[in-house]
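# Structure at a glance
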Amino acid sequence: MKKKIIFNVPKFDKDDLKNINNLTSLKHYSGNGYFTNKCNEWLVKNLKCKESLLVHSCTAALEISAILLNLKAGDEVIMPSYTFVSTANAFVLRGAKIVFIDVDKKTLNINPKLIEKKITKKTRAIVIVHYAGVSCEMEKIKKITKKNRIILIEDAAQALLSKYKGKPLGSFGDLATISFHETKNIHCGEGGALLINNKKFIRRAKIIKDKGTNRDDFNKKIVKKYTWVDLGSSYSLSEINAAFLYSQLKKAKEITRKRIYIWRTYNKFFSKLEKKYQITRPFVPKYAGINGHSYFIFIKKNLRNDMLNFLNKKNIMAIFHYIPLHSSPYGKKLSKTNFTLENTDLKAASIIRLPMHLNIKEREIKHISNIVTEYFKNQKI
């Protein structure tokens, strides 16, 4: 196949521009306008959270979460090492010490069995990551946080419309964050949302999002003038992005169904290879309802980079994922991990992420599986 199979093609059609054109009549382009409200309403209704605040990135949502915790020097936040840097950065910026936990080797999600061993008197929060849109073990984790009176934050950046036992992810934590970056199923170029399930955080979160002002109270006519009342920054998403996003949110369930079909098509082709060659497919627990965000395989770590090069030479854009935070240069400075993260290190060194987007065809997926087969035949495995 001569044409390159691209890793990601962000969803876009002409309908996404219609809402942007409507802004000329609304005459409001900055944040907190009509389309921001429509997006927040959609998120509250479909994700079953108590409040949604649209922001300019998932990073922004995580930073607001960190401010809400009122962290002090020495306070600890537990999270997996196998995640994007923003998950840790948001809390490091507020002075927290990051305590990394190993992942479950099947799901790549935080291993609940290891959490309580790392809880101390200084632990303020646990941040979980629903990797590739596959749910963490929410009942076990909720039980731990409730028992120890610790705040639970869901990093659901990849998990829009994924579920745990039929309940939407983002509805379990005191706080949760969503990404609308162009690499996600639903996007607006750059965007995110903070989902709030603990009512005590709602008012202050709105203040933090609006540069530390009580603008929301002013808009509700609770105060006559708005002013600086707390910490905050400029976290709102522009109406241009919100207009684009709302068009996609209205089609989110249809998009998710299509992505799940593509995911299952991959899984069907690779089921044959898993039995014949030394590869492992994604594991989805019975409690997890996926959203088709990402498809990946694992192979022997000594072959991973060689296979990536082989696939790319064959015009298949395949990649790996995160460098584990505990082994990154800055992560080593921040967290002196005195125990091994065996599963994290192994899986990070052996994962291969394959092209996944709405434009990919079944024949292309079959071609990818054939090229993987060709690679192993060349290896005489």
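Below you will find a few notes about this structure.

Calculation criteria
- Residues numbered from 1 in each chain as written.
- Predicted model: local features only at pLDDT ≥ 70, side-chain atom pairs only at ≥ 80, totals over all residues.
- Heavy atoms only, no water.
- Helix = DSSP H or I, 4+ residues; strand = E, 2+ residues; numbered from the N terminus.
- Buried < 20%, exposed > 50% of the residue type's maximum accessible area, 1.4 Å probe, protein only.
- Contact = heavy atoms within 4.5 Å.
- Core = buried A, V, L, I, M, F, W, Y, C linked by side-chain atoms within 4.5 Å.
- Expected span 1.5 Å × (residues − 1).
- Polar contact = N/O pair within 3.5 Å; in protein donor to acceptor, adjacent residues only side chain to side chain.
- Pairing = 2+ DSSP bridges.
- Axes fitted to C-alpha atoms, helices over the stretch in contact; angles between N-to-C directions.
- Salt bridge = Lys/Arg side-chain N within 4 Å of Asp/Glu carboxyl O.

### Section: the overall build of the protein chain
When helices and strands are counted, the protein chain shows 14 helices and 12 strands. Seen through its principal axes, the protein chain has C-alpha atoms that stretch 75 × 55 × 35 Å. Counting across all 381 residues of the protein chain, residues that qualify as buried make up 56%. Across the protein chain, contacts joining residues at least 24 apart in sequence account for 71% of those joining residues at least 6 apart.

### So, the nonpolar core
Leu160, Phe180, Tyr266, Phe270 and Leu354 are the most contacted members of the largest nonpolar core, which has 79 residues in total. Element by element, the count of residues in this core is highest for helix α10 (residues 252–276), at 9 residues. With sequence-adjacent residues up to four places away left out, Leu354 is seen in contact with Phe7, Tyr266, Phe270, Tyr295, Ile297, Leu311, Ala318 and Ile368. With 36 residues, the next largest nonpolar core counts Val55, Ala66, Ala205 and Tyr235 among its residues.

### So, helix α11 (residues 301–313)
In a regular helix each residue adds 1.5 Å, so 13 residues correspond to 18 Å; α11 covers 19 Å between its end C-alpha atoms and thus fits that length. Taken residue by residue, α11 has Leu303, Arg304, Met307, Leu308, Phe310 and Leu311 as its buried positions. Elements in contact with the buried residues of α11: β11 (295–298), α13 (342–350), β12 (351–354) and α14 (362–379). Asn315 occupies a position one or two residues after α11 and carries a positive phi of about 65°.

### Looking at the side chain of Ser81
Along the chain, the position of Ser81 falls in the loop between β2 (76–80) and α4 (85–92). Reaching out from Ser81, the side chain makes a polar contact with the side chain of His326 at a distance of 2.7 Å. Apart from the residues within four sequence positions on either side, Ser81 is in contact with Phe100, Ile101, Pro324, Leu325, His326, Leu341 and Thr344.

### Observations concerning the sheet that holds strand β9 (residues 192–196)
The 7 strands lie next to each other as β1-β9-β8-β5-β4-β2-β3, forming an open sheet whose pairing is mixed. Of all strands in the sheet, those bounded by a partner on one side alone are β1 (51–55) and β3 (97–101). Each strand axis lies, on average, 20° off the axis of its neighbour in the sheet, ignoring direction. When β1 meets β9, the two strands line up antiparallel, connected through 5 bridges. Note that in β9 the partner of Leu54 across the bridge is Ala193. Set on the sheet, helix α7 (residues 202–209) makes contact with β1 and β9; between it and β1 the angle comes to about 10°.

### Here we look at the environment of Tyr164
Its location among the elements puts Tyr164 in strand β6 (residues 163–164). For the pair Tyr164 and Lys48, spaced 116 residues apart in the sequence, the C-alpha separation amounts to 13 Å. Contact partners of Tyr164, with chain neighbours within four places excluded, come to Ser135, Cys136, Glu137, Met138, Glu139, Leu169, Phe172 and Tyr287. Here the side chain of Tyr164 touches Glu139 through a polar contact of 3.1 Å, side chain to side chain.

### Overview of the pattern of salt bridges
Any two side chains of opposite charge can pair, on the condition that their charged atoms come close. Within the structure shown, the criterion is met by 19 salt bridges. Lys11 is the salt-bridge partner of Asp13, the closest N and O atoms lying 2.6 Å from each other. Glu274 is the partner of Arg281 in a salt bridge, and the nearest nitrogen-oxygen pair spans 2.9 Å. On the basis of relative accessibility, which here comes to 22%, the residue Arg281 falls in the partly exposed class.

### So, the side chain of Arg353
For Arg353, the position within the fold is in strand β12. If near-sequence neighbours (up to four positions away) are discounted, Arg353 is found in contact with Phe7, Tyr131, Ser294, Tyr295, Phe296, Ala318, Ile319, Phe320 and His321.

### Digging into the environment of Pro324
With respect to the element layout, Pro324 can be found in the loop between α11 and α12 (329–334). Judged by relative accessible area, which is 7%, Pro324 ranks as buried. Placed 66 residues apart in sequence, Pro324 and Lys258 show a C-alpha to C-alpha distance of 31 Å. Setting aside residues no more than four positions away along its own chain, Pro324 makes contact with Ser81, Tyr82, Thr344, Asp345 and Ala348.

That is the geometry; function is a separate question.
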